[in-house]
Amino acid sequence: MEFVKDSDPYPDLRVNIGSLELQNPVMTASGTFGYAREFEDLVNLHRLGGIVVKGISLQPRAGNPPQRIVETPCGMLNAIGLQNVGVERFISEKMSYLEGVGVPVIVNILGDTVDEYRRITERLRGVAGIAALEINISCPNVKKGGVAFGTVPAMAAAVTEAVKTAAHVPVMVKLSPNVADVAEMARAAEDGGADSISLINTLIGMAIDLERRRPVLANVIGGLSGPAIKPIALRMVYQAAGAVNIPVIGIGGIECAEDALEFIVAGATAVQIGTANFINPRVSEEVVDGIGDYVRASKLGSIRDLIGALEV
Ligand SMILES: Cc1cc2nc3c(=O)[nH]c(=O)nc-3n(C[C@H](O)[C@H](O)[C@H](O)COP(=O)(O)O)c2cc1C
């Protein structure tokens with residue numbers, strides 16, 4: 001372990017996600033940070049470790065009808081329905097701005113079939129400015145009766161392999177928490193050739209308007225996120241990190257530097273911040289500062305010394 005001087009103003013926060021180097025471990029989570037430009041007046045985007053953009057599909061999607069979001073105790077439920085501009089508009093309208101930000105841009109992709117995942121990956125091949133792909137496998141596979149790719153190990157491995165074969169950049173697989181054994185899903189992604197895994201996506205939940213005796217969300221069910229899911233996410237990151245040899249990215253309810261550090265100690269190499277962006281748009285930058293303060297105060301040589309440092 002390397003030690004820094006008290007006066008050292010620049011703690012070493014660099015981490016490596018396989019071949020991808022981040023200047024610090026703090027990324028923004030897909031679907032909660034738009035295409036980054038929406039936040040340019042609020043956050044110094046160039047200070048982030050990475051930006052994960054809203055999930056992109058082959059064709060544009062309008063998403064679900066309203067109501068699509070509801071606040072719940074310590075969290076929120078959303079049923080946006082993967083609304084997005086589609087891959088062509090993403091490339092022509094969003095990519096040049098994102099490339100100019102100067103931090104790694106990770107493109108989150110989704111599809112209804114393995115072939116759709118493959119085709120979108122082929123379309124993104126060679127597009128300048130993409131540092132990595134993140135595969136959202138929480139989508140229903142229409143060819144397999146709507147079972148989510150992320151709940152059946154063989155399907156998760158198949159979609160990972162298809163994307164990995166077609167991709168020109170490292171592939172991160174984003175795991176669903178709606179499974180009994182997350183370690184098994186993590187291993188399936190690794191077997192499929194994933195360069196890293198990120199977890200967790202939202203947990204399936206529901207809210208009821210008792211007055212009207214109707215579901216609050218037009219879609220009836222939605223994805224739960226925010227601090228309410230943090231203990232589950234921490235547990236899953238810990239289990240997944242113990243099951244694979246590839247880097248793990250922790251997501252779920254992170255609101256401050258301490259939350260992020262807990263994920264890192266549990267085994268995450270980096271983290272993503274989602275719902276907290278809606279409460280405090282500057283949160284990601286504040287977490288970068290807080291992690292730096294912690295590394296300096298703890299006299300660690302690098303944030304990397306903390307990855308998986310949990311003593312059980
Ligand atoms: C409004 C909203 C939209 C989201 N859209 C996506 C998406 O397009 N693709 C994806 O992989 N995850 C999506 N997510 C999941 C988040 O990226 C993240 O995994 C989840 O919210 C847990 O993190 P958090 O508690 O910090 O929000 C979305 C979450 C929210 C709240």
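Residues numbered from 1 in each chain as written. Predicted model: local features only at pLDDT ≥ 70, side-chain atom pairs only at ≥ 80, totals over all residues. Heavy atoms only, no water.

Caption draft 1: Quick peek at the state of the cysteines. Inspection of every chain in the model, using the stated rule, returns 0 disulfides. With no disulfide of its own, Cys74 lies closest to Cys256 among cysteine sulfurs, the gap being 13 Å. The exposure class assigned to Cys74 is exposed, which follows from its relative accessible area of 57%. (Disulfide = S-S within 2.5 Å. Buried < 20%, exposed > 50% of the residue type's maximum accessible area, 1.4 Å probe, protein only.)

Caption draft 2: Looking closely at the site of the ligand. Taken together, 24 residues lie near the ligand, and Ser30, Lys174, Gly226, Gly253 and Thr275 sit nearest. Gly55 places a polar main-chain atom, nitrogen or oxygen, 3.2 Å from an oxygen atom of the ligand. In isolation the ligand has 610 Å² of accessible area, and contact with the protein removes 97% of it. Looking at the shell around the ligand, the elements with two or more residues in it are strand E4 (50–56) and strand E6 (75–78). In the shell around the ligand, the residues fall into 7 nonpolar, 15 polar and 2 charged. (Near = heavy atom within 4 Å. Polar contact = N/O pair within 3.5 Å; in protein donor to acceptor, adjacent residues only side chain to side chain. Areas by Shrake-Rupley, 256 points an atom, 1.4 Å probe, with all protein chains shown as cover. Helix = DSSP H or I, 4+ residues; strand = E, 2+ residues; numbered from the N terminus. Nonpolar A, V, L, I, M, F, W, Y, C, P; charged D, E, K, R; others polar.)

Caption draft 3: Just the packing of aromatic side chains, in detail. Evaluation of the coordinates by the stated rule reveals 3 aromatic pairs. Centroid distance Phe33 to Phe39: 4.1 Å. Interplanar angle 20 degrees. Geometry classified as stacked. Each member of the pair, Phe33 together with Phe39, is buried. Taking 5.2 Å as the distance between ring centres and 90 degrees as the angle between the ring planes, the aromatic pair formed by Tyr117 and Phe149 counts as edge-to-face. Here the residue Tyr117 occupies a position in helix H2 (residues 114–124), and Phe149 occupies one in the loop between strand E10 (147–148) and helix H3 (153–166), the gap between them amounting to 32 residues. Comparing Tyr117 with Phe149, the two get one shared label, buried. (Phe/Tyr/Trp six-rings, centres within 6.5 Å; stacked < 30°, edge-to-face > 60°.)

Caption draft 4: Spotlight on the nonpolar core. Of all hydrophobic cores here, the largest spans 97 residues; its most connected members are Phe90, Val107, Leu124, Leu175, Ile197, Leu199 and Ile291. Counting residues per element, this core draws most heavily on helix H1 (residues 86–101), at 7 residues. Beyond its immediate chain neighbours, meaning those up to four positions away, Ile291 contacts Leu13, Pro25, Val26, Ala257, Ala260, Leu261 and Ile303. In terms of nonpolar packing, the next biggest core, distinct from the first, is built from 6 residues, Val70, Leu77, Ala79 and Ala207 among them. (Core = buried A, V, L, I, M, F, W, Y, C linked by side-chain atoms within 4.5 Å. Contact = heavy atoms within 4.5 Å.)

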